[in-house]
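Listed here are the chains, written in short residue letters.
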Amino acid sequence: MATEDARYRQSSQYRLWSFSPSHLQSLREKTSSLAISHISNRLRASSPPVDPLPDFLTPADEAMLLNFYIVDLLRAAQFCDLPSEIQATAAIFFRRFYVTNSLMTYPPRALTMTCIFFACKAEGLYYRLQKFADKFPGITSEEVLAAEYVLCQGLRFAFDVRHPYRALEGAIMELRRLGDFDETRLGRAHQRTRDILKFSPLLTDAYFHYTPSQVMFGALSIADEGLLQRLLSDAFSGQSESSKNQVLETVQGCRAMLEKELPEKRTTYWDASGSKETMKPLNKKLKKCRDPDRVDLVALQKARREQGLQKTKAKVAIKEDGDVFGASIGTSKDDEREAKRRRVTGGGDMFGPPL
Amino acid sequence: MSRKPVTGGSTVVKLPTGPTTALPSDICPVCKRVRYLNTDMEFLINPECYHPMCSNCVNNIFKSGPAQCPYATCIKTLRHRGFRSAFFGDLAVEREVDIRRRVAAAYNMVEDDFETLRDYNNYLQDVEDLNFDLISGGDEERRAAEQKLLHREQEFREEIERNKRRGREAELTRQKRDAADAEATRQRRLEEQREEARARAEEGTINAEVMEALARGEAGSAAEIQTRIVAQNRARVAAISGAHFPSLVDTAARNISNTLSIRGLKTKKISDEEEDLSKPYDPFAGLGPALEPSRYKLRDAYPNTWLEPAKTNDDHRVPGYSISEYVARAMFDAFAGLGVNIADEKKDVARGPGTAMAADAAATNRVTGRMDVDDVF
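Residues numbered from 1 in each chain as written. Chains lettered and ligands numbered in written order. Predicted model: local features only at pLDDT ≥ 70, side-chain atom pairs only at ≥ 80, totals over all residues.

**Q** For this particular structure, what's the right way to read the overall build of chain A?
**A** Counting its regular elements, chain A contains 19 helices and zero strands. Across the 355 residues of chain A, 37% fall into the buried class. Contacts in chain A between residues at least 24 apart in sequence constitute 77% of all its contacts with a sequence separation of at least 6. (Helix = DSSP H or I, 4+ residues; strand = E, 2+ residues; numbered from the N terminus. Buried ≥ 20, exposed ≤ 12 C-beta atoms within 10 Å, placed from the backbone. Contact = placed C-beta atoms within 7 Å.)

Here you go:
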C-alpha cells in the first residue's frame, strides 16, 4: 500500500465527497425526488392552491443547468481576478452543494455569489464583502451572506478541496528532471493540461469520481500520452504490471470523462447569447417550479435569525426567574438539555437533516 | 638483661599487646614521668616494635648505641636513628600505613602494565590479600606473606626501580601540567583585570569630558550633552570591551585542551530509557517511514524556471517561503491517491447516513415541517 494513497484517504475530499458513479446518480435522483415532493406539497398547501402542478426539472435538466451556472460562476470569478485555484474551489463548492440540494430548492444565482465569496474565505484570500458586492450590479452584501450557512451545511463543513494544479506542477518538474523530453514539448503539454484542468474537471463529475492526481494524469494524457506513460512507468517501476494497468485504466476513464467537456467548448458556453438561448426554456421551467419559501434567501435568513433571537430571549427569562435563589436551577436547564439531546439523537446525521 | 627471641627474625612487627594501642598522652610508660612536670614531653616510636616512649627515655637509652627495647617481653634491638614521632594517634593505624607503604613500594605496577583490566584487578586483589595478611593475619599467614614480600623485594629489585622511576616521571609531568594550568588561569584573570581597569579609565575620561562640557556651558540640557559625548565615544568603548574578547576566547580555547583532559574515563553504558532521550526529537514519533513517498523519490532540486525568482526575490525569501516545502507538496500531490479506485472503494457506502436519512424523511414526509434547518444541534 502506497503511503501517498493512505495519506490521501485521510482527506475530507475522499471521506465525504468521493462517490462511485452509481451512488452519485442515486443521490441526485433522491435529492430531486425529495425536492419535488416537498415543493408540490408546499404548492398545494398555499392559500390559492396551485392546481396544475408545474413541470418539475428532471435530473438531466438539473445537470445541464448546473453546468450553465458553473460557467456563469467561473466567469464571475474571473471577473473578480481570482486565482484559478479559488475559482475551482468555488465551482466545486457549488457542485457539491447541489448534490444534496436541488436547484429547485435553493436559487442557483444567489448561490454562485455565495460560493465565490466563501471560496475566497476557505482559501485564505481576503476579499472585502462590500467590494465584492459592488462588483456585481444587482447584488447586495446581504444576498451574498444569506446562503452562507446553508452552503456550509451542504458542504458538510468540509472546506478542503484538493486540486490537481499543484500536482501538475509536480509532474512537470519530475518530467523535466528526467530530461527525456525537449522543453518545447513539455511546455506545450504543460500549457494544454493546465487549460484542461481549469475547465473540464469543473464541468464534469471528475472531482467526485477521481483523485486529483488521476484527474491531472487524465488531462495530461489528453495533452500528451507519451508523458503519462513515462511517468507511470517510473512511478510503478517496482510493482506488478497489473497494478499499473489498473491505474492506467482509471486514468483512461477520467480522460474519457474530461474529453466530454474540453476547454474548446468554453467559447460556446462563454458566448452568452447562444447558451442563454438554449438554457432559456430550462430557466423558465425552473422559475415556475421553485420552492416559494426559499426564493428570497435574505428574508428567510432574517426570519430565522429573529426566530433564534426570540428563542434565546425566552430562555434567558426562564433562567433569571429560576436563578434568583438558585433553587430550581435544574428544571430549565434540564429541559434545555433534554431538547438538545432529543434533537441530537433524533438527527442521526451529524451534518443536520436532509434539506 | 637480654631476652631470648620468641619468634624467628621477622621484618614485620606484631603490635605491642596491651589494653590499648593508643599513644599515651600523659605518662611515659617507660620512665613514668608525667607531662604535668615536663610540658614539652614528646612520645616517640620506633617502627621496629611501635612501643611508645618519651624523647627523654630515647635519649637516655639509645644515645650510646643500639639497645634492647625497654618494654618487658620485647626483644627488639632498637637504634636511636629509627625513632620518630607517630603521625597517627592510633598506633595500629600507624603500623598499617607503614606496612601498606612498604607493600606499595614493592608492588608498584600500574594498569598500563597489564593486558586486560581483569588481570590488573586480579593483581590488585592479590596485593590487598597480602596487605591483609601482613596487617591482621595470624602468625602463619603473616609469615607466608612476609616471605612473599621479601622475595618480591629482592628478586624484582630492578623492575621495582624501573616502575618507581616511571611513576616519578609521570608525577613530574602531572605537576608541570598543573603548574601550567594554574599559570594560564592566573594570566587570564590578570588580563581580565587589566581590561576592566582600562574600560573603567575610559569611562572616567568620558565622564570628565561630559563634566567639562557642562562646565563650558554648551548648548542643550545636561542629559543631551551627556548622551552626545557618550555616543561620540561609543565606538572607542566598544572597541575596548571587544578588544580583549578575542584574546579571551583564544585562551579559553587553548585551556580547554589542557584542563579538560581527564583521562581514563570509561565510556558509560547507556540504558534503554536514556538512549531514547538521547535520540533527536522526532515530531512524527516514529511515523517517519509511513510518510516516506513510495512512488517517487524526493530530490533536493528540480529544474523549474518558475521557482528561480523565489530563491533570490526578497518578497519570497524574507517571509520564509520554502521552495523545498513547495516541491515536496507538488510531488506529493502529483502521486497521492493515484492508486485509489473510488468507484470500487466507495461502492459499499452507497447507503451512507445522509442518504438513509433522506430516504426516511421522504417516506415520512417530515421535511416540510422542518424550517429550522440551520439548527444543526
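**Q** I keep staring at the overall build of chain B and nothing clicks. Help me out?
**A** Secondary structure summary: chain B contains 13 helices and five strands in total. Looking at chain B residue by residue over its 377 residues, the buried ones come to 13%. Nonlocal contacts in chain B, meaning residues at least 24 apart in sequence, comprise 57% of its contacts between residues at least 6 apart.

**Q** I keep staring at helix H3 (residues 21-45) of chain A and nothing clicks. Help me out?
**A** An α-helical turn contains 3.6 residues, so any two residues separated by three or four positions project in the same direction. Taking 1.5 Å per residue as the helical rise, H3(A) with its 25 residues ought to reach 36 Å, and the 36 Å between its terminal C-alpha atoms agrees with that figure. Three or more residues of H3(A) are buried, namely His23(A), Arg28(A), Thr31(A), Ser32(A), Leu34(A), Ala35(A), His38(A) and Ile39(A). (Expected span 1.5 Å × (residues − 1).)

**Q** How should I be thinking about the sheet that holds strand S5 (residues 84-85) of chain B in this particular structure?
**A** The strands that make up a sheet pair up through hydrogen bonds in the backbone, lying either parallel or antiparallel. Here we have three strands laid out as an open sheet, ordered S2-S1-S5 (chain B), and antiparallel in their pairing. Both edges of this open sheet fall to strand S2 (53-54) and S5 of chain B, since each of them pairs with a single strand only. (Pairing = 2+ DSSP bridges.)

**Q** In this structure, what is going on with the nonpolar core? I would like to understand it.
**A** Looking at soluble globular proteins, one finds that nonpolar side chains tend to be buried together. In terms of nonpolar packing, the biggest core is built from 90 residues, with Leu73(A), Ala90(A), Phe93(A), Phe94(A), Cys115(A) and Met216(A) touching the most fellow members. Filtering out sequence-adjacent residues up to four positions away, Phe93(A) remains in contact with Cys115(A), Phe118(A), Ala119(A), Leu151(A) and Leu155(A). Residues Tyr50(B), Met53(B), Phe62(B) and Leu78(B) belong to the second largest nonpolar core, which totals twelve residues. (Core = buried A, V, L, I, M, F, W, Y, C linked by C-beta atoms within 7 Å.)

**Q** What am I meant to see in the packing of helix H4 (residues 59-79) of chain A against helix H6 (residues 108-122) of chain A here?
**A** The relative placement of two packed helices comes down to the angle between their axes together with the axis-to-axis distance. All names here are of chain A. Following both chains from N to C, one finds H4 and H6 inclined at 40 degrees, their axes separated by 10 Å at the closest point. Relative to H6, the element H4 is oriented oblique. Considering how the two elements wind past one another, H4 and H6 form a crossing that is right-handed. When H4 is examined against H6, the residues Tyr69, Asp72, Leu73, Ala76 and Ala77 are found in contact with a partner set consisting of Pro108, Thr112, Cys115 and Ile116. For the contact of H4 with H6, the per-class residue count stands at seven nonpolar, one polar and one charged. (Axes fitted to C-alpha atoms, helices over the stretch in contact; angles between N-to-C directions. Parallel < 35°, antiparallel > 145°, perpendicular 65-115°, else oblique. Left-handed = near helix turned anticlockwise from the far one by under 90°. Nonpolar A, V, L, I, M, F, W, Y, C, P; charged D, E, K, R; others polar.)

**Q** Help me understand H6(A) in this model?
**A** Residues and elements named next belong to chain A. Relative to the 21 Å expected for 15 residues at 1.5 Å per residue, H6 spans 20 Å between its end C-alpha atoms, a close match to the ideal helical length. Most of H6 sits out of view: twelve of its 15 residues are buried. Two residues or fewer past H6, Gly124 is found with a positive phi of approximately 80 degrees.

**Q** So what exactly am I meant to see when it comes to the packing of helix H10 (residues 165-178) of chain A against helix H13 (residues 212-223) of chain A here?
**A** All names here are of chain A. In the contact formed by H10 and H13, the axes pass within 9 Å of each other and the chain directions differ by 60 degrees. For the element pair H10 / H13, the angle class is oblique. Here H10 runs over H13; the crossing is right-handed. Facing Ala167, Leu168 and Ala171 of H10, the residues of H13 in contact are Pro212, Ser213, Met216 and Leu220.

**Q** Can you walk me through the confidence of the model for chain A in this structure?
**A** Note that predicted coordinates carrying low pLDDT should not be read in detail. All names here are of chain A. Chain-level statistics for chain A give a pLDDT mean of 83 and a share of 85% at 70 or above. Predicted confidence for residues 326-332 stays below pLDDT 50, and this span has seven contacts to residues more than four positions away or in other chains. Across residues 344-350 the pLDDT falls below 50, and counting only partners more than four positions away or on other chains, this stretch makes eight contacts in the model. (pLDDT = per-residue confidence, 0-100.)

**Q** Quick question: what am I supposed to make of the environment of Glu159(B) here?
**A** Along the chain, Glu159(B) falls in helix H5 (residues 157-216). Considered as a pair, Glu159(B) and Ala106(B) are 53 residues apart in the sequence and their alpha carbons are 9.4 Å apart.

**Q** Which parts of the structure should I look at to understand the confidence of the model for chain B?
**A** All names here are of chain B. In this model, chain B carries a mean pLDDT of 77, and residues with pLDDT of at least 70 account for 75%. The secondary-structure element of chain B with the lowest mean pLDDT is helix H13 (residues 353-364), recorded at 45, while H5 shows the highest, at 91. Contacts from residues 5-9, a stretch scored under 50 in pLDDT, to residues over four places away or in other chains number two contacts. Scored below 50 in pLDDT, residues 351-377 shows 41 contacts in the model against residues more than four places distant or in partner chains. Taken together, the chains of this predicted complex give a pTM of 0.56 and an interface ipTM of 0.80.

**Q** Can you walk me through unusual backbone geometry in this structure?
**A** Comment: phi is negative for the bulk of residues other than glycine, and the bulk of peptide bonds are trans. If you check the backbone angles, Arg156(A) has positive phi at about 55 degrees while not being a glycine. The partly exposed category is assigned to Arg156(A), around which 18 C-beta atoms lie within 10 Å. If you check the backbone angles, Tyr50(B) has positive phi at about 60 degrees while not being a glycine. Considering the arrangement of structural elements, one finds Tyr50(B) in the loop between strand S1 (43-45) and S2.

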